[in-house]
Amino acid sequence: MHLYLLWWLGLSHRLRHDLARELTFAIASCVLIATFFYVFNDFLNVQVAALSAAMHQRFAKLASIALLLLTGARAATWLRHERFAATGVRQMARHLGEKRTTLQAWSWLYTLTLTSFSHGLCWWIIHRYLTPWSLPQAALFEAMLLVTTALVVRWPAAPQPAMQRDSALERDRSLGLTLYLWRLRQIVGRNRASQFALILSTMFLLLVALAAMRTLPLFVAALCSLAAGYTSTAALIFHLADDLPSAWTERGSGVTHDRFVTTYFWLGATLAGAYALAASCAYLSGTAALGGGELGIATIGQALQLAAVAIVPGLTAPMLCMQIDGRRSGINLLLLLIAALFVGTAVFAHWLGLGLIPVLGSFALKSQAGRFYRA
């Protein structure tokens, strides 16, 4: 119980010693979450409900499952971090020589508090704003979620790779290219969260090909393409959250804010651009091979339109990643989702929607100027 009290005191000390930053983050997050809730509630409970009650139930059920999965993944991330982190209450107690039973009791208290709060809040939102679940269904899904969370938390941590000299980065290259190549290797080869996001993005590419094979409306393929671009850009957001805590080394080496943002711009353009090209190729392949269509001018134009929609998140992410707090990946993902939905649908409606990206950049880049020095 003393360790449990120390954990709560640590949270209060964090607020007391960094009150201005935490208040700014809280206010900005509340405004962003309220905006997202208003848009989603209007879409689900007003627009979709007016079209079809059955469609409204299906959308609400899918949204409930997605919210539960995101909540479970976030809770598992917190629990896993507490277990394997180099610093924390558990590690402090272990180094001080506390008994194993004391550490286990603390872990159970921490796990019970975190899962009860996060899962309980999630179920309340589902029953209050989405669709109520029957008690057997809710109990079964919660049990599956808890078992999956336990397996993820108990999974052994990956061994730290040995320090090796990277001959490719020792060549005579410019500073910008070195920063770009090093981070690209981290995202693709080492960051687990970024790798998972890239795998998820590949799954959305398969849905693009499936939509082409089934000759579904172009909007379905565009939605899957936008999801592929968004999840590939999520890999960039996850890496940024891990990158900023050690950014003091680069600030001391003379890396400027503009150089840092430019590096992430090229990273976002590379990741989203690669998946945008893959989305257009998947659409063309599905149409030509199994969709029964011909690769005419109209089909190629649709494929290019899908690529333009998919690349939107990668181009807008560097403009938004440090608006609130670059270390909080969750709030950045929500901010990117809102921007991607608005700009992506505008690009899908007309090619002139691409002009919104430089307009957004002209305002967003100014509002986050110099944040790299305070990150």
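Residues numbered from 1 in each chain as written. Predicted model: local features only at pLDDT ≥ 70, side-chain atom pairs only at ≥ 80, totals over all residues. Heavy atoms only, no water.

## Some thoughts on the overall build of the protein chain
Here is step 1 of the chain: Secondary structure summary: the protein chain contains 15 helices and zero strands in total.
Here is step 2 of the chain: Computed over its C-alpha atoms, the radius of gyration of the protein chain comes to 23 Å, within 12% of the 21 Å expected for a compact globule of 375 residues.
Here is step 3 of the chain: Seen through its C-alpha atoms, the protein chain measures out along the principal axes to roughly 70 × 65 × 40 Å.
Here is step 4 of the chain: By residue count, 40% of the 375 residues in the protein chain fall in the buried class.
Here is step 5 of the chain: A fraction of 77% describes how many contacts in the protein chain between residues 6 or more apart in sequence connect residues 24 or more apart.
Here is step 6 of the chain: Carbon and sulfur atoms make up 70% of the accessible area of the protein chain, which totals about 21,500 Å².
Here is step 7 of the chain: With 29 positive and 15 negative side-chain charges, the protein chain shows a separation of 5 Å between the mean positions of the two kinds. (Helix = DSSP H or I, 4+ residues; strand = E, 2+ residues; numbered from the N terminus. Rg over C-alpha atoms; globule rule 2.2 N^0.38 Å. Buried < 20%, exposed > 50% of the residue type's maximum accessible area, 1.4 Å probe, protein only. Contact = heavy atoms within 4.5 Å. Areas by Shrake-Rupley, 256 points an atom, 1.4 Å probe, with all protein chains shown as cover. Lys, Arg positive; Asp, Glu negative; His and termini not counted. Charge placed at Lys NZ, Arg CZ, Asp CG, Glu CD.)

## Focus on the pattern of salt bridges
Here is step 1 of the chain: Taken as a whole and assessed by the stated rule, the structure comprises three salt bridges.
Here is step 2 of the chain: For arginine 183, the salt bridge is made with glutamate 250, and the minimal N-O distance between the two is 2.7 Å. Taken together, the residues arginine 183 in helix H7 (residues 175–189) and glutamate 250 in helix H10 (residues 248–252) connect sequence positions 67 residues apart.
Here is step 3 of the chain: For arginine 328, the salt bridge goes to aspartate 325, with nearest N and O atoms at 3.4 Å. For the pair shown, arginine 328 and aspartate 325 are each scored as buried.
Here is step 4 of the chain: Connected through salt bridges with shared partners, the residues Arg183, Asp243 and Glu250 form a single ionic network. (Salt bridge = Lys/Arg side-chain N within 4 Å of Asp/Glu carboxyl O.)

## A closer look at the packing of aromatic side chains
Here is step 1 of the chain: Under the defined criterion, the tally for this structure stands at 15 aromatic pairs.
Here is step 2 of the chain: Centroid distance tryptophan 7 to tyrosine 110: 5.0 Å. Interplanar angle 75°. Geometry classified as edge-to-face. Highlighted residues: tryptophan 7 in helix H1 (residues 2–17) and tyrosine 110 in helix H5 (residues 100–130), separated in sequence by 103 residues. The exposure classification of tryptophan 7 matches that of tyrosine 110, with both residues buried. (Phe/Tyr/Trp six-rings, centres within 6.5 Å; stacked < 30°, edge-to-face > 60°.)

## Let's talk about the packing of helix H8 (residues 192–213) against helix H9 (residues 218–243)
Here is step 1 of the chain: Packing of H8 against H9 brings their axes to within 8 Å, and their N-to-C directions diverge by 170°. As the angle between them shows, H8 and H9 are arranged roughly antiparallel.
Here is step 2 of the chain: Among the residues making up the contact of H8 with H9, the classes are represented as 17 nonpolar, seven polar and no charged. (Axes fitted to C-alpha atoms, helices over the stretch in contact; angles between N-to-C directions. Parallel < 35°, antiparallel > 145°, perpendicular 65-115°, else oblique. Nonpolar A, V, L, I, M, F, W, Y, C, P; charged D, E, K, R; others polar.)

## Here's the deal with the environment of leucine 109
Here is step 1 of the chain: Note that leucine 109 resides in helix H5.
Here is step 2 of the chain: Between the C-alpha atoms of leucine 109 and tyrosine 4, which are 105 residues apart in sequence, the distance is 7.3 Å.
Here is step 3 of the chain: The contact partners of leucine 109, leaving out residues within four places of it in the chain, are Met1 and Tyr4.

## As for the environment of methionine 55
Here is step 1 of the chain: Among the secondary structure elements, methionine 55 is positioned in helix H3 (residues 53–84).
Here is step 2 of the chain: When its relative accessible area of 30% is taken as the criterion, methionine 55 is described as partly exposed.

## Let's talk about the side chain of threonine 263
Here is step 1 of the chain: Mapped onto the elements, threonine 263 comes out in helix H11 (residues 257–290).
Here is step 2 of the chain: With relative accessibility at 3%, the residue threonine 263 sits in the buried group.
Here is step 3 of the chain: Threonine 263 has contacts with Leu179, Tyr180 and Arg183, leaving out every residue within four places of it along the chain.

## Description of the state of the cysteines
Here is step 1 of the chain: Following the criterion strictly, the structure yields zero disulfides and no others.
Here is step 2 of the chain: Unpaired in this structure, cysteine 224 has its nearest cysteine sulfur neighbour in cysteine 281, at a distance of 16 Å.
Here is step 3 of the chain: By relative accessible area, which is 11% here, cysteine 224 ends up buried. (Disulfide = S-S within 2.5 Å.)

## Focus on the confidence of the model for the protein chain
Here is step 1 of the chain: A residue-level look at the protein chain finds 94% of positions with pLDDT of 70 or above and a mean pLDDT of 83.
Here is step 2 of the chain: Note on residues 168–172: pLDDT under 50 across the span, and six contacts to partners over four residues away in sequence or across chains. (pLDDT = per-residue confidence, 0-100.)

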